[in-house]
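Summary of the model geometry
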Amino acid sequence: MSKLIDGVLVANSVKAEVKAEVEALKQKGISVGLAVILVGNNAASEIYVRNKQRACEAVGINSYKYLLSESTTEEELLALIEKLNGDSKVNGILCQLPLPSHINKSAVVSCIDPIKDVDGFNPQNAGKMLSSARCLLPCTPQGVIKLLDYYGIEIEGKNCAVIGRSDIVGKPMAVLLNERNATVTLCHSKTKDMKNILKNADIIVSATGKPRLVTADMVKAGAVVIDVGITRENGKLCGDVDFENVSKKASFISPVPGGVGPMTIAMLLKNTLKAAKLQNGEA
Ligand code: NAD
């Protein structure tokens, strides 16, 4: 039976660190602020934004919410971002995805000042990440690395399989694991014989949104399995991994919910703090 990776526990420890540092900055007269922009009425996005705001409040970060109607134009959204780029109270800017189809996501992501880009999606930050330069890193992959570190799971020299190659999870996940000296195979929907690749992996990170994609026969005994996927099935949240059976084989496994999800928000808070420190010469 595997050991459960408790994302709530680790996220709480990250949040406690952030809270203490935010408090220390306040003592120096520096407040930390995050602007969250939501365009349109996506029910899931509304919940994410609310959760992010509550998390900010809990650690003493000021949050500024901008709820824009579905009919907001790209020009209007870019104008708001430009305004926030120039607002010294705002250290981090997050524009909740997905955006309505008439708005160009790349233009929005590129408009956010890289030093306020707490999602780490701006191409300047993505480029810096690729060249191992200091930058704001995407929250979910950063959260996965934190989970591995917290549980003392060695990454260096390990065979890692990442499933999913999105710009926000899979690709940066592969880069961060490589940065930690793992040998990484990035699998996706066109990968042939994925089972063979997974069977050879010491660490598997799955981020596809396909429930029960990773089954016990694909996993090596003693492997570490991190499930990033979140899908709602019959009102219940589930991940990419057949948890019941894989947990009998893996050495460590993260559950859904309660695994990677809480880490994403914790790392957003950490990124906001880091942005504030960078902007105030405190980093
Ligand atoms: P995406 O849809 O952009 O990408 C999915 C990826 O999965 C693609 O690269 C695709 O090639 C791959 N894929 C699909 N079917 C596959 C298959 N059968 N075999 C191998 N690869 C396959 O998704 P995303 O934005 O990266 O999100 C992935 C999942 O992670 C979703 O369920 C999402 O909700 C979840 N997610 C969770 C968090 C969190 O905080 N826990 C954060 C972001 C995303």
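Scroll up a little and you will see the structure.
Quick notes on the rules
Residues numbered from 1 in each chain as written. Predicted model: local features only at pLDDT ≥ 70, side-chain atom pairs only at ≥ 80, totals over all residues. Heavy atoms only, no water. Near = heavy atom within 4 Å. Polar contact = N/O pair within 3.5 Å; in protein donor to acceptor, adjacent residues only side chain to side chain. Areas by Shrake-Rupley, 256 points an atom, 1.4 Å probe, with all protein chains shown as cover. Nonpolar A, V, L, I, M, F, W, Y, C, P; charged D, E, K, R; others polar. Helix = DSSP H or I, 4+ residues; strand = E, 2+ residues; numbered from the N terminus. Buried < 20%, exposed > 50% of the residue type's maximum accessible area, 1.4 Å probe, protein only. Contact = heavy atoms within 4.5 Å. Salt bridge = Lys/Arg side-chain N within 4 Å of Asp/Glu carboxyl O. Pairing = 2+ DSSP bridges. Phe/Tyr/Trp six-rings, centres within 6.5 Å; stacked < 30°, edge-to-face > 60°. Axes fitted to C-alpha atoms, helices over the stretch in contact; angles between N-to-C directions.

1. Side note on the site of the ligand
In the vicinity of the ligand there are 21 residues, among which Arg165, Ser166, Ser189, Ile230 and Thr264 approach most closely. One nitrogen or oxygen atom from the main chain of Val228 is found 3.4 Å from a nitrogen atom belonging to the ligand. With the chains in place, 71% of the 850 Å² that the ligand exposes on its own is no longer accessible. Classifying every residue of the shell around the ligand by side-chain character gives 9 nonpolar, 10 polar and 2 charged.

2. Describing the side chain of Gln142
Tracing the backbone shows Gln142 in helix α6 (residues 139-150). Residue Gln142 is classed as buried on the basis of its relative accessible area of 16%. Within the structure, the side chain of Gln142 is placed 3.1 Å from the backbone oxygen of Leu137, a separation counted as a polar contact. Residues contacting Gln142, with those up to four places away along its chain left out, are Leu137, Leu176, Met267 and Asn271.

3. Remarks on the pattern of salt bridges
Under the criterion given, the structure shown has 9 salt bridges. Here Lys171 makes a salt bridge to Asp167, at a shortest N to O gap of 2.7 Å. Looking at Lys171, the relative accessible area reads 41%, which means it is partly exposed. On the basis of relative accessibility, which here comes to 51%, the residue Asp167 falls in the exposed class. Its salt-bridge partner being Lys220, residue Asp202 comes within 2.6 Å of it at the nearest N-O pair. Taken together, the positions of Asp202 in the loop between α8 (194-199) and β7 (203-206) and Lys220 in the loop between β7 and β8 (224-227) put the pair 18 residues apart, joining distant regions of the chain. According to the relative accessible area criterion, Asp202 is partly exposed, its value standing at 21%. Classification of Lys220 by relative accessible area gives partly exposed; the value is 28%.

4. Focus on the sheet that holds strand β5 (residues 159-163)
As a general point, the strands of a sheet are linked pairwise by backbone hydrogen bonds and lie either parallel or antiparallel. If you trace the 6 strands from one edge of the open sheet to the other, you get β1-β11-β8-β7-β5-β6, paired in parallel fashion. The open sheet has two free edges, formed respectively by β1 (3-4) and β6 (183-187), since each of these has just one partner strand. As defined by bridge partners, β7 adjoins β8 across 4 bridges and the pair is classed as parallel. Along β8, the bridge assignment pairs Ile204 with Val225.

5. Some thoughts on the packing of aromatic side chains
Scanning the entire structure with this criterion turns up 2 aromatic pairs. Here the aromatic cluster, defined as three or more aromatic residues joined through ring pairs, consists of Tyr150, Tyr151 and Phe252.

6. Notes on the environment of Ser189
On the secondary structure map, Ser189 appears in the loop between β6 and α8. Residues Ser189 and Thr231, 42 residues apart in the sequence, show an inter-C-alpha distance of 17 Å.

7. Describing the sheet that holds strand β4 (residues 92-95)
In space, the 3 strands of this open sheet follow the order β3-β2-β4, with parallel pairing throughout. At either margin of the open sheet sits one strand with a lone partner, and together these are β3 (62-68) and β4. Taking the axes of each pair of neighbouring strands and ignoring which way they run, one obtains an average angle of 15° across the sheet. Relative to β3, strand β2 (residues 33-39) runs parallel, the two being bridged by 7 bridges. By the bridge assignment, Val39 is partnered in β3 with Leu68. Relative to β2, helix α3 (residues 74-85) is tilted by about 180°, and along the sheet it contacts β2, β3 and β4.

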